[in-house]
Amino acid sequence: MINRYQLMMGTGLSVTTNETPDGRRIVHYDGQFYELTPSSGEVICPASDGIALHHSRDCGHMVGYEAGWKTYPDPHGDLWQRLLEAAPADDIRGRQAFAADAGLRNGQGGPVTKVCQTCTLVPLTSLNGRRTAEQPLSTALAAFNRADKAEQLSRVKAAINQVVLDFPLEAWPSMPLDRYALGTPDSKTSFCYRMEFGTPELGSLGGRHSGKHLIYWRKAEGSWYFGSAYEDERDAWQHVRDGFLTAFRYAAEGRVTEIDTIDALRAGSALTAKAISCYSPDTLIPVYSRDHVRAFIFHLTGENASSLESFAAHERLKQVIDSDERFKNWHPYEVGTFLYEWANPRQSTPTILKVAPGTDAMYWDECRADGYICIGWEDVGDLTAFASEEDYRDAFEAAFTERYKGNKSKISAKANELWRLYQLEPGDLVVANKGTTEILAVGTVTQDGYRWREERTAYQHTVSVRWDTSYAKTLPEPQKAWATVTVRKVSADLWRIIQARTDTVTPSIERVVPDDELSDEIARLLTRKGQVVLYGPPGTGKTYASLRFALRWFGTQLGDSVEGVDPFAKHGTPDFRRGLDALQETGHLTQVTFHPAYGYEDFIEGFRPVEGADGGLRLELRDGIFKKVCETAAANPERPYLLLIDEINRGDIPKILGELITLLEPDKRGMHVTLPTGRRFAVPSNVHILGTMNTADRSIRLLDSALRRRFAFHELLPDADVLDGQKVGNVDLGLLLRELNNRVVKELGRERQIGHSFFLPKGRPVDSEAELAAIVRTEVLPLLQEYAYDDYSLLSRFLGEKIVDVRAHTVAGLSDEGLVEALAAELRADESG
């Protein structure tokens, strides 16, 4: 008999169980995930008035209370599932009715209505690298007030109607390219502009990359961008327009999956989905990222939708929603709003930028009153007029070459500041500052985002925010870089100081930490591939990044289960070291460095000489580091384990891993093989590997092909942004590093650049001429000499003839001050230049 709640609640309250390659049973129920400990053929109910069903006699909730236990046969091992599907958790009467029918009673005769989350269903906070929803679906639905969203829904409907009115379906067959595309003089009246910038109520397309618009005008080149399959823009537009018409027809006919077959629209799935949400709003849920659609399917059903193409995923998500009666009569935009509030797949931490509202905060009163932040560089014009970042950078250079005296490094740095502001998205944070110590307020970016304000006479680039002036304060230490940098990222350490409160005012902004794009990317790669290599030139912070990632990743994955782990502890502090030590002591984190002598015996297993009982030596089979990690992980399948391998390219990978390299592949995880010693071995799915390598030592092109196929590779390049505004005398370290690396790249390529970490001893920017001179003499110069193979002519092209004496094949004996002055002059790193 089908329970009435299954009919009423639909997919949301059904139970699905999947087995992983390493034998774990993962249960999905009510939008959440659990690991199942199977029944041994019986269930145990507590002796007292407890109401949970148990699978283990050794459960901590049961031990010591054996007298009076109630045990019941469970021949099919499904009593837990039948109990969950009988009624939602908040329907106590429904659960009690099932317990009465099934005879599930505790020692006091009361009905058992729950499942133990220690010995039966263990909640999972993450699965396959993806955070699970914090609340059950039924709980989140009960808390979601649709009446509060009525005004928002009214604006959505008005925006949809306006799109259809301005761009009617019947006009599409004859729509000219200029009416569609970005980048043209009239692009603000175009369809793509309306989708990208003109309908924030309908959701963001994500990112500032114009390729998703399929065809657009490139101002810098004076030509059209379109796919390589087309002869010219007319041919491209014909195919794209016909593709949209076909997509609109398929959507109207309920053939959403078939939209994936339209080749002309493949690169524009987000734009296509948003367009369909206007012309056929009941066809799909307005979620424009394919990965987000897949994520919501995962949260709602437990299904792995990673193989579904964009519109097949859209159709599946709509099926799931339509099958759940709780969403009956909901507008698709209400559903989309709810899904993002319940299980947001976007990065959980916002971008936080400090932005100065004019010199000495001269425009702050206007910004605070009208709800925005504003900055200058208005000569470049409205940023929404640029179809690509390349067009913008070309225009910025043309507009400001004279102001910055042709200094390309400085032009690039300032262009980065404005573009960084433009990329802010709803939910990101802006810290308004005055000078180097005063915080005026913190604002949350609203749905309107970036806006060029024609009505202003200066500082016309703005981003709409909702200000909270309760954050106003004076910082304990000046932020020196703020003296010359308008827009700058706020570090986690500084944000901690800014959001610290001594008053009793409730802030409007939840306690958050700044986003860490690198850690988020590493986590995504580990989820997809299982093992990642960070590669790049010396000094780009690869080891630092791997350790920072480990602490942050474990801190969020394990929660409070490992004492002493602060995921946001500052590198180099006792808290940072304490966290890493705690992770190593519990076996979750293991560090190793490869070298030419490292072998299979060290990593997997091998015979080692040990002292025998008679005082002589004998050989004993010992497990290697990786095998120990895998065996520990296999015994604790619900917890993550990470192996950090420094200098991975210095080891002989085929020799170290041998035949086991195949087991690293995601679909081979959990598969047992027989080792040469006859012992069985498998790599569990909860084991991850993160390696580092210097490209100055060896290019990834020279790595073993088997390694390249099985590892994801992420390049770390010098980040001059972290040094922008950091001054030593008149030298801006960011400008110095940019120009030096421009020269290195021109002569030797990107793999031989100088990393920013050279100028950040102990994590802080160098701040004295003596220290900067010492770093250049003892670290940077020797590395450049190695790159140049003692070719002093090449070395002088890097550093200039004031520093390098080409004829004498030596470095000039300059004083500290003289060396710094020579660097400033040669590399145009003087802030005034």
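Structure shown above.
Just so we're clear, the structure is a prediction, and the values are computed from it rather than from any experiment.

What counts and how
- Residues numbered from 1 in each chain as written.
- Predicted model: local features only at pLDDT ≥ 70, side-chain atom pairs only at ≥ 80, totals over all residues.
- Heavy atoms only, no water.
- Core = buried A, V, L, I, M, F, W, Y, C linked by side-chain atoms within 4.5 Å.
- Buried < 20%, exposed > 50% of the residue type's maximum accessible area, 1.4 Å probe, protein only.
- Helix = DSSP H or I, 4+ residues; strand = E, 2+ residues; numbered from the N terminus.
- Contact = heavy atoms within 4.5 Å.
- Pairing = 2+ DSSP bridges.
- Phe/Tyr/Trp six-rings, centres within 6.5 Å; stacked < 30°, edge-to-face > 60°.
- Axes fitted to C-alpha atoms, helices over the stretch in contact; angles between N-to-C directions.
- Expected span 1.5 Å × (residues − 1).
- Salt bridge = Lys/Arg side-chain N within 4 Å of Asp/Glu carboxyl O.

Engineer: Just checking my understanding: could you explain the nonpolar core for this structure?
Structural biologist: Nonpolar side chains tend toward joint burial in soluble globular proteins. Counting residues in hydrophobic clusters, the biggest one holds 48 residues, and the most contacted among them are Trp172, Tyr180, Phe191 and Phe244. Looking at this core, the elements with two or more residues in it are helix 5 (150–166), helix 6 (177–180), helix 7 (191–196), helix 8 (233–252) and helix 9 (269–279). Ranked by residue count, the leading element in this core is helix 8, at 8 residues. Ignoring any residue separated from it by four or fewer positions in sequence, one finds Trp172 in contact with Phe167, Tyr180, Phe191, Trp237, Arg241, Phe244, Leu245, Phe248 and Tyr279.

Engineer: I tried to follow the pairing of strand 17 (residues 461–468) on my own but got confused; where do I start?
Structural biologist: Side-chain direction in a regular strand flips from residue to residue, so the side chains alternate between the two faces of the sheet. In terms of burial, strand 17 is largely enclosed, as 7 of its 8 residues are buried. Pairing of strand 14 (residues 372–375) with strand 17 involves 4 bridges; the strand directions are antiparallel. Note that in strand 17 the partner of Ile373 across the bridge is Val463. As paired strands, strand 16 (residues 438–452) and strand 17 are joined by 7 bridges and run antiparallel to one another. Note on strand 17: the bridge partner recorded for Tyr450 is Val463.

Engineer: Explanation requested: the packing of aromatic side chains in the structure shown.
Structural biologist: Each aromatic ring pair is characterised by the separation of its centres together with the angle its planes make. One pass over the full model with this rule turns up 41 aromatic pairs. Relative to Trp237, the ring of Tyr180 has its centre 4.7 Å away and its plane inclined at 35°; by these criteria the two rings are tilted. Of this pair, Tyr180 sits in helix 6 while Trp237 sits in helix 8; the two residues are 57 residues apart in sequence, bridging distant segments of the chain. Taken individually, Tyr180 and Trp237 each receive the classification buried, so the pair is uniform in this respect. Relative to Phe626, the ring of Phe603 has its centre 5.0 Å away and its plane inclined at 5°; by these criteria the two rings are stacked. Highlighted residues: Phe603 in helix 20 (residues 600–603) and Phe626 in helix 21 (residues 625–635), separated in sequence by 23 residues. Accessibility expressed as a relative area gives 1% for Phe603, which makes it buried.

Engineer: Sorry if this is basic, but what is going on with the environment of Thr662 here?
Structural biologist: You can see Thr662 is positioned in the loop between helix 22 (653–657) and strand 25 (673–674). Note: C-alpha distance between Thr662 and Arg777 (115 residues apart in sequence) is 46 Å.

Engineer: Would you explain the sheet that holds strand 24 (residues 641–646) in this entry?
Structural biologist: Strands belonging to one sheet form pairs held by backbone hydrogen bonds; the direction of such a pair is parallel or antiparallel. Taken in spatial order, the 5 strands line up as 21-24-27-20-28 in an open sheet, and their pairing is parallel. Single-partner strands in this sheet number two, and they are strand 21 (589–593) and strand 28 (712–715). Strand-to-strand twist across the sheet, computed as the mean angle between neighbouring axes with direction ignored, equals 20°. Both strand 21 and strand 24 contribute to a ladder of 5 bridges, which runs parallel. Bridging from a neighbouring strand, Leu589 pairs with Leu642 of strand 24.

Engineer: Sorry if this is basic, but what is going on with the sheet that holds strand 3 (residues 32–36) here?
Structural biologist: With antiparallel pairing, the 4 strands of this open sheet are ordered in space as 1-2-3-8. The open sheet has two edge strands with one neighbour each: strand 1 (15–19) and strand 8 (121–123). Each strand axis lies, on average, 35° off the axis of its neighbour in the sheet, ignoring direction. Across the sheet, helix 10 (residues 290–301) touches strand 1, strand 2 (25–29) and strand 3, and the angle it forms with strand 2 is around 90°.

Engineer: Where do I start with helix 17 (residues 517–529) in this structure?
Structural biologist: Since the α-helix packs 3.6 residues into each turn, any two residues three or four apart lie on the same face. In this model helix 17 runs 18 Å from its N-terminal to its C-terminal C-alpha over 13 residues, within 8% of the 18 Å that 1.5 Å per residue would give. When we look at burial in helix 17, the residues that qualify are Leu518, Ser519, Asp520, Ile522, Ala523, Leu525 and Leu526. Where helix 17 is buried, its residues contact strand 20 (531–536), helix 18 (542–558), strand 24, strand 27 (687–694) and strand 28. Two residues or fewer after helix 17 comes Gly530, characterised by a positive phi angle close to 95°.

Engineer: Can you help me understand the pattern of salt bridges in this one?
Structural biologist: Pairing between side chains of opposite charge can happen when their charged atoms approach one another. Tallied over the full model, the rule gives 45 salt bridges. Glu309 is the salt-bridge partner of Arg266, the closest N and O atoms lying 2.8 Å from each other. In this pair, Arg266 is assigned in the loop between helix 8 and helix 9 and Glu309 in the loop between helix 10 and helix 11 (310–323), connecting sequence segments 43 residues apart. In this structure, Glu605 engages Lys627 in a salt bridge whose closest nitrogen and oxygen atoms are separated by 2.9 Å. Residue Glu605 is located in strand 22 (residues 605–611), and its partner Lys627 is located in helix 21; the two are separated by 22 residues in the primary sequence. The residues Glu605 and Lys627 share a single accessibility class, namely buried.

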